[in-house]
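Summary of the model geometry
The primary structure of each chain is shown beneath.
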Amino acid sequence: MARMAGRRTLSAGPVLLAVTFGVFAVAALSPFDPVKAYAGTAGLTASQERLDELRAGLGADRPVVARWWDWLTSALTGDLGTSSVMRQPVADVITGRVGWSALLAACAFTAAVLAGTALGVLAARRPSGPLDRSVTALAYTLEAAPAFWPGLLAIWFFSVRLGVLPAGGLTDAGSDTVTFGQVASHLVLPVLVLAASQFPWFFLYVRQGVAGALAQDPVRGARARGLAERTVLLGHGLRSGMLPVLTLVGSRVPELITGALLVETVFSWPGIAAATVQAATAVDFPLLAALTVLATAAVLAGNLLSDLLYGLADPRVGFDG
């Protein structure tokens with residue numbers, strides 16, 4: 001296990017280097033002008049000489065490779081640079097927002113896994129039954145829907161029509177303090193919507209895996225020996241059917257990040273989403289590179305976690321293969 005984790009960690013270095021350079025290269029080819037974005041409305045009336053001075057001060061007139069190398073060497077020492085759009089150090093931007101994004105993603109991912117597993121097992125127990133047909137139809141509907149669509153529906157129903165949950169933000173309007181109760185109430189809708197976007201995959205995988213396991217001879221033999229249905233379902237069917245789901249954990253991380261960006265935008269959640277959108281539109285090279293590295297590292301860590309979980313669950317899989 002340690003050897004495989006070490007190999008994956010070493011191979012992640014070149015990937016992260018390529019990703020960061022790609023961010024600088026793509027941003028340089030973007031039609032957005034970082035100088036005008038930094039200057040704001042003042043840039044509309046500023047002279048070209050003033051814009052050139054500002055461009056030199058920001059380092060935007062230097063070649064892409066030079067800007068990337070300067071950022072990389074500084075990042076290796078812990079200095080991620082200064083965000084031109086946020087007007088503060090990149091490390092402070094990420095530190096102040098990543099916790100809220102992680103809270104949202106962790107709660108939604110946990111809810112999706114638990115709900116998908118429970119309903120998948122129940123649906124696999126009686127294939128083509130009422131529960132199986134209804135939940136499968138819901139899963140395919142949610143799978144095809146972009147995350148912002150159920151988000152807007154949730155705001156309309158729970159906030160506008162019923163008025164039982166807040167429509168967005170982190171705290172109540174006019175409140176200058178962050179309390180656990182306010183955060184919990186504002187977290188409900190974003191978690192439900194983000195979990196709904198991930199739920200179909202876990203439900204369908206569990207349903208298929210458990211249904212296939214229940215049709216195998218060992219499970220039939222267990223039933224013939226008179227074992228309780230709960231023991232057969234959880235001890236045999238769920239254990240065998242959950243193996244494919246473990247590989248799904250890592251592969252869902254990119255979709256989880258993408259869905260989180262949409263959900264945070266819809267519900268005005270103070271996470272990484274707003275910073276990512278502003279950095280992209282303003283061509284904020286340091287912030288873009290740092291956020292992209294963070295997302296890439298999360299994807300690589302998710303893939304490693306799924307491989308480790310699969311290896312632990314199935315002894316036939318070797319870690320050093």
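What this report covers is the structure whose coordinates are included nearby. Counting restarts for each chain, with residues numbered from 1 along the sequence as it is written. In keeping with the model being predicted, local features are shown solely for residues with a pLDDT of at least 70 and side-chain atom pairs are shown and tallied solely at 80 or more, while totals for entire chains, interfaces and linings include all residues. Each side-chain value is derived from all of the structure's non-hydrogen atoms; neither hydrogens nor water enter the calculation.

1. Some details on the pattern of salt bridges
In the sections that follow, a salt bridge refers to a side-chain nitrogen of Lys or Arg positioned within 4 Å of a carboxyl oxygen of Asp or Glu. Enumeration according to the criterion identifies 1 salt bridge in this entry. The closest approach of N and O atoms between Arg 207 and Asp 132, which form a salt bridge, is 2.6 Å. Taken together, the positions of Arg 207 in helix α9 (residues 180-214) and Asp 132 in helix α7 (residues 130-144) put the pair 75 residues apart, joining distant regions of the chain. A simple rule labels every residue: compare its accessible area, found with a 1.4 Å probe on the protein chains alone, to the largest value its type can have, and call it buried under 20%, exposed over 50%, or partly exposed in between. Since its relative accessible area comes to 3%, Asp 132 is described here as buried. Secondary structure follows DSSP: runs of H or I at least 4 residues long count as helices, runs of E at least 2 residues long count as strands, and numbering of each begins at the N terminus.

2. Considering the nonpolar core
Joining through side-chain atoms within 4.5 Å is the link that ties buried Ala, Val, Leu, Ile, Met, Phe, Trp, Tyr and Cys residues into a set, and such a set is a nonpolar core. Counting residues in hydrophobic clusters, the biggest one holds 30 residues, and the most contacted among them are Leu 104, Leu 194, Phe 202, Val 210, Val 263, Phe 267 and Trp 269. Those elements that provide at least two residues to this core are α6 (90-125), α8 (148-161), α9, α12 (243-251) and α13 (253-266). Sort the elements by how many residues they give to this core and α9 lands first, with 11 residues. Residue contacts for Val 263: discarding those within four places in its chain leaves Leu 104, Ala 147, Pro 190, Val 193 and Leu 194. Grouped together as the second largest cluster of nonpolar side chains are 20 residues, Phe 24, Ala 27, Met 86 and Ala 289 included. We call two residues in contact when some of their heavy atoms are within 4.5 Å.

3. Focus: the packing of α7 against α9
Axis geometry follows a simple rule: fit a line to the C-alpha atoms, using only the stretch in contact for helices, then measure angles between N-to-C directions, giving values from 0 to 180 degrees. At a closest axis distance of 8 Å, the pairing of α7 and α9 adopts a crossing angle of 135 degrees. Viewed along their axes, α7 and α9 adopt a mutual orientation that is oblique. Crossing of α7 against α9: the hand is left-handed. Residue-level contacts link Asp 132, Val 135, Thr 136, Ala 139, Tyr 140, Leu 142 and Glu 143 of α7 to Ala 196, Phe 199, Pro 200, Trp 201, Phe 203, Leu 204 and Arg 207 of α9. We call Asp, Glu, Lys and Arg charged. Ala, Val, Leu, Ile, Met, Phe, Trp, Tyr, Cys and Pro are nonpolar, and the rest, Gly among them, are polar. Here the residues of the contact of α7 with α9 sort into 10 nonpolar, 1 polar and 3 charged. Angles below 35 degrees are treated as roughly parallel, those above 145 as roughly antiparallel, those between 65 and 115 as roughly perpendicular, and all remaining angles as oblique. Left-handed describes a crossing whose near helix is turned anticlockwise from the far helix by less than a right angle; the clockwise case is right-handed.

Read these as geometric descriptors, not functional statements.
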